[in-house]
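Residues per chain, in single letters:
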Protein chains: 2
Amino acid sequence: MMGLDAPLSEQTKEELLQRLEMLVMNLLEELALYSSSEGSGVTRLLFSKEWLKAQQALKEIMGNNGLVPSFDEAGNLYGTLQGSQAELPAVITGSHIDTVVNGGRYDGAYGIAAALAAVQYLRETYGPPLRSIEVVSLSEEEGSRFPMAYWGSGSITGERGFADIANLEDGDGVPFLQAMKACGFGEGSARTALREKGSMAAFIELHIEQGAVLEREGLSVGVVDAIVGQRRFVVTVTGEANHAGTTPMHMRKDALEGACAMVILLREEAARHGEPLVATAGRMTVHPNVPNVVPGKVEFTVDIRHSDPVRLEAFCGWFSEAFREAANHRGLAFACAEWFREEPTPMDSRLKGMLDAACGGLGVSYRRMVSGAGHDAQMFSRICPSAMLFVPSRGGISHSPEEYTAPSELAVGALVLAKLLYRLGYEGELA
Amino acid sequence: MMGLDAPLSEQTKEELLQRLEMLVMNLLEELALYSSSEGSGVTRLLFSKEWLKAQQALKEIMGNNGLVPSFDEAGNLYGTLQGSQAELPAVITGSHIDTVVNGGRYDGAYGIAAALAAVQYLRETYGPPLRSIEVVSLSEEEGSRFPMAYWGSGSITGERGFADIANLEDGDGVPFLQAMKACGFGEGSARTALREKGSMAAFIELHIEQGAVLEREGLSVGVVDAIVGQRRFVVTVTGEANHAGTTPMHMRKDALEGACAMVILLREEAARHGEPLVATAGRMTVHPNVPNVVPGKVEFTVDIRHSDPVRLEAFCGWFSEAFREAANHRGLAFACAEWFREEPTPMDSRLKGMLDAACGGLGVSYRRMVSGAGHDAQMFSRICPSAMLFVPSRGGISHSPEEYTAPSELAVGALVLAKLLYRLGYEGELA
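Residues numbered from 1 in each chain as written. Chains lettered and ligands numbered in written order. Predicted model: local features only at pLDDT ≥ 70, side-chain atom pairs only at ≥ 80, totals over all residues.

## Brief notes about the overall build of chain A
In terms of regular secondary structure, chain A is built from twelve helices and 16 strands. Over its C-alpha atoms chain A spans a radius of gyration of 24 Å, differing by no more than 12% from the 22 Å that the globule rule assigns to 431 residues. Across the 431 residues of chain A, 58% fall into the buried class. Contacts spanning at least 24 positions in sequence make up 78% of the contacts within chain A whose residues lie at least 6 apart. (Helix = DSSP H or I, 4+ residues; strand = E, 2+ residues; numbered from the N terminus. Rg over C-alpha atoms; globule rule 2.2 N^0.38 Å. Buried ≥ 20, exposed ≤ 12 C-beta atoms within 10 Å, placed from the backbone. Contact = placed C-beta atoms within 7 Å.)

## Considerations on unusual backbone geometry
Pro288 of chain A follows His287 of chain A through a cis peptide bond whose omega is -5 degrees. With respect to the element layout, Pro288 of chain A can be found in the loop between strand E10 (284-287) and strand E11 (293-294). Positive phi is not limited to glycine here, since Asn289 of chain A has a value of about 65 degrees. Tracing the backbone shows Asn289 of chain A in the loop between E10 and E11. With a phi close to 65 degrees, Tyr150 of chain B is a non-glycine residue in the positive phi region.

## Some words on helix H3 (residues 109-126) of chain A
Residues and elements named next belong to chain A. Here H3 contains 18 residues, and its C-alpha end-to-end distance of 25 Å stays within 8% of the 26 Å for a straight helix at 1.5 Å per residue. In terms of burial, H3 is largely enclosed, as 14 of its 18 residues are buried. Downstream of H3 by a residue or two, Gly127 has a phi angle that is positive, lying close to 70 degrees. (Expected span 1.5 Å × (residues − 1).)

## Focus: the relation of the copies chain B and chain A
Of the two same-sequence chains, chain B is brought onto chain A (RMSD 0.1 Å, axial shift 0.1 Å) by a rotation of 180 degrees. Read as a symmetry element, the transformation amounts to a two-fold axis. Residue Cys260 of chain B, judged by its C-alpha, is the member of chain B lying nearest the rotation axis, at 2.2 Å. Comparing contact sets, 98% of the residues at the interface of chain B also lie at the interface in chain A, consistent with an isologous, same-surface contact. (Least-squares fit on C-alpha atoms with pLDDT ≥ 70 in both.)

## Brief notes about the interface of chain B and chain A
Between chain B and chain A, the contact holds 49 residues from the first and 48 residues from the second. For the side of chain B that touches chain A, the secondary-structure elements that each account for two or more residues are strand E8 (242-243), helix H8 (255-273), strand E9 (278-280), strand E10 (284-287), strand E11 (293-294) and strand E12 (297-306) of chain B. In terms of residue count, the dominant contributor to the side of chain B that touches chain A is H8 of chain B (nine residues). Here the side of chain B that touches chain A is composed, by residue class, of 24 nonpolar, 16 polar and nine charged. (Nonpolar A, V, L, I, M, F, W, Y, C, P; charged D, E, K, R; others polar.)

## As for the packing of helix H8 (residues 255-273) of chain A against helix H9 (residues 309-329) of chain A
Each pair of packed helices can be described by the angle between their axes along with the distance between the axes. All names here are of chain A. For the pair H8 and H9, interaxial distance at closest approach is 10 Å and the crossing angle is 150 degrees. Remark: the crossing between H8 and H9 carries right-handed chirality. Facing Gly258, Ala261, Met262, Leu265, Leu266, Glu269 and His273 of H8, the residues of H9 in contact are Phe315, Trp318, Phe319, Ala322, Phe323, Ala326 and Ala327. (Axes fitted to C-alpha atoms, helices over the stretch in contact; angles between N-to-C directions. Left-handed = near helix turned anticlockwise from the far one by under 90°.)

## A few points about the environment of Lys297 of chain A
Relative to the elements of secondary structure, Lys297 of chain A occurs in strand E12 (residues 297-306). Residue Lys297 of chain A is classed as buried on the basis of its C-beta count, with 20 C-beta atoms lying within 10 Å.

## Topic: the domain arrangement of chain A
Residue and element names in this part refer to chain A. Per the domain assignment, the segments of chain A are domain 1 (10-227 + 344-426) and domain 2 (229-342). Here the C-alpha centre of domain 2 lies 37 Å away from the C-alpha centre of domain 1. Each partner contributes to the interface: domain 1 provides six residues, whereas domain 2 provides ten residues. (Domains from an automatic or database assignment.)

## Regarding the packing of helix H1 (residues 10-33) of chain A against helix H12 (residues 407-426) of chain A
All names here are of chain A. Relative to each other, H1 and H12 sit at 105 degrees, their axes nearing to 8 Å. Accordingly, the angle class assigned to the pair H1 and H12 is roughly perpendicular. Each of Leu16, Leu17, Leu20, Glu21, Val24 and Met25 in H1 lies in contact with H12, whose residues at this interface are Pro407, Ser408, Leu410, Ala411, Val412, Ala414 and Leu415. Its residues assigned to classes, the contact of H1 with H12 shows eleven nonpolar, one polar and one charged. (Parallel < 35°, antiparallel > 145°, perpendicular 65-115°, else oblique.)

## Comments concerning the pairing of strand E1 (residues 68-71) of chain A
All names here are of chain A. Here E1 shows one buried face, formed by Pro69 and Phe71, and one open face, formed by Val68 and Ser70. In this structure, E1 lies alongside strand E2 (residues 77-81), joined through four bridges in antiparallel fashion. Considered in E2, the bridge of Pro69 is made with Gly79. Hairpin geometry of E1 and E2 is characterised by an intervening segment of five residues between the two adjacent antiparallel strands and by a positive phi of about 95 degrees at Gly75. (Pairing = 2+ DSSP bridges.)

## Side note on helix H2 (residues 49-64) of chain B
All names here are of chain B. Spanning 16 residues, H2 covers 23 Å between terminal C-alpha atoms, matching the ideal 22 Å at 1.5 Å per step. Those residues of H2 not exposed but buried are Trp51, Ala54, Gln55, Leu58, Ile61 and Met62. All buried residues of H2 project into a common sector of 120 degrees when viewed along the axis, lining one side. Across from the buried face of H2, at angles greater than 90 degrees, the exposed residues are Glu60, Gly63 and Asn64. Of the surrounding secondary structure, the elements contacted by the buried residues of H2 are helix H1 (10-33), strand E1 (68-71), strand E2 (77-81), helix H3 (109-126) and strand E4 (133-138). Gly66, located one to two residues past H2, shows a positive phi value of around 80 degrees. (Arc of directions from axis to C-beta.)

## Things to note about the confidence of the model for chain A
Per-residue confidence for chain A averages 96 on the pLDDT scale, and 99% of its residues sit at or above 70. As scored by the predictor, the complex reaches a pTM of 0.89 and an ipTM of 0.89. (pLDDT = per-residue confidence, 0-100.)

## What to know about the environment of His287 of chain B
Residue and element names in this part refer to chain B. As for its position among the elements, His287 is in strand E10. The spatial distance from the C-alpha of His287 to the C-alpha of Leu256 is 8.9 Å, given a sequence separation of 31 residues. Setting aside residues up to four positions removed in sequence, His287 forms contacts with Pro295, Gly296 and Lys297.

## Observations regarding the environment of Glu50 of chain A
All names here are of chain A. Inspection of the secondary structure assignment puts Glu50 in helix H2 (residues 49-64). Each C-alpha atom, one on Glu50 and one on Ala32, is 9.9 Å from the other, the two residues being 18 residues apart in sequence. Every residue in contact with Glu50, bar those within four places of it in the chain, is listed here: Tyr34, Ser35, Ser36 and Arg44.

Structure representation (structure tokens):
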């Protein structure tokens, strides 16, 4: 028996990776069929026809592979590999089945496919575990159909509920409730979405990095230290719109010049501050935005992320003060309004240590890193020990049909996941 | 007889100013009636119903005031005060009757009203001149209906012709030719628009400044040294659109940060260069322009103006080189395309000297200045000695219902114009 219960020979490891690669690739190819986009991109919005077909296909796959499938009322699909000591808290692993519009094949789907592949291998190799292992296909994470994200994981952890979606509509005016009911979900339609705190020993999410750090450093796996906190602001700089020909330079109150000085300040200070801080001015609107008028007003967004809440707070305080000074210095009016805030979420230390050990034991190159994007794991971390691991994204590209991770890299991630699931499910760690 | 043929007493000057003020204000109030905008703004687009009514009203006013009115085929209206030596080249004075959309009461209209007021005063005081004096209400200057400006003055000087407008349409798809014919103009409909070079001794245009220089310096009149040359460019900066959370600062190719650095460079170098150079980044478009994506591409316009062609050229060369370096330094791609070019136009030295002398003799505070905006005088200057004078614009505001010049300031401009017309028309200078 080739296994994860002892050091692997190179040959055994190679065979195991080939097996996992085949399983993961088959699942990813099947999931990519359920898409409303033409071409190579994938579009699978919450409660769409394609979304429902994907969840139903997964349910059948789970059933065919010795897992007990069940939906909850929020549209989350579980496949449970029953443990011999079913009274122990279960290990949950998976990710989200929904996508952005014209996204890739890997974001979310990979975490489900790899979990199914790892559990299939474990079951076929070791039979039933001690703890139950549940593979979850979370209904929604992206926020790409309705103006709300983390519906799937949030419903499980209590961060989201039916009261929150009562008045939501999609871009076509279809109510959330109506779309949910058309798929057979909604209050009381299936088992309750909300789970009791003690019912979960751990949540493990495997995901593509969506950045280029692993690729550039030639590493196979990223063990996520923390998911960054995010703060987003709209900055408004107001000067005076004036004739570009008749207003001498010294009489101008050029809002664009002021805004540009702020963008430069932001960039310079963020670079000086160093990783893992990132600061981005992503959207800018200029008024009146015509070639021969000195801009009178500029609005731009500032997105600041850091894994350390104190440093995040300090940087936000710094930039708003520095911007205000830059505006005052130029005789410009300045306003800064926060419109989005998410606190940093550290991942569970024991699980991170076990992931480090799994990589080490399997001879897989890895690093600790911060997740600059939000993930379902940050919801789960509020009610159970949670961890994430990343595999490389080619060119750092995500949310695009160009999203790509090599099959061999996908297999390595699944192998590390399998090793962790073995320790948690079969050896009963984290009791 | 109170007059311009000798130094004015304070009392005479005051009476003359009151008379000119009343005449100018009456004419401006009447012209403001012909507008398609609600409220205080004026909209009078070329060949619109309101435009035609305004020209017809002016024709009647001219006839009632001893001027011989006549249209040319381009829609320009002349009112001629016949000279006793009609074989001498005529003096032309006036401005344009069209406006921007929801513009003010003064831009263009003031130059016509002041010319009519000045000529009425001269005729009533001195009778017929030696040279003919022609007040012209030019059909179009703003380019606000069709994608072409200076139709009126350009048709007179040969810079515009019927071949140029054959395929032009307005924003509603109405052909230029059709709109022109509906008003009774077009090829052969009236006297030829194109004038012979020797038929004009001078063109004098009185206009609001559209800037705040005279107001800030507390001066009554600006004698225009030159109309600036203009060069306009579109700059394209291309980097890489990336995830704002997962792309560390040192891995970014942020097109917005690069563009902002260029805007700052432009501003700093323009300030260092000094007047009359002005440099403006007026329009900026960011792609994809969403808060959580590092901008991959930015386009912005650069508008450079100077009265000296050599310095204008040198500055354009400097900025494109400096921008290219800033882009290279950041690993960004850079392109710069010129899409508009107009050479600087110096005004006639003898006429400027006569305007200086007129201001001096009348005790009117003035300065020489550059016009940062284009005007009909730059067309006329190609075929006859041309000059411009400015009166203050409150707050530098123009192309807006807020456009304002105090009646007493309007009268001072008309007085200086009258003095110059007296010297040219009655004393026969510039023979």
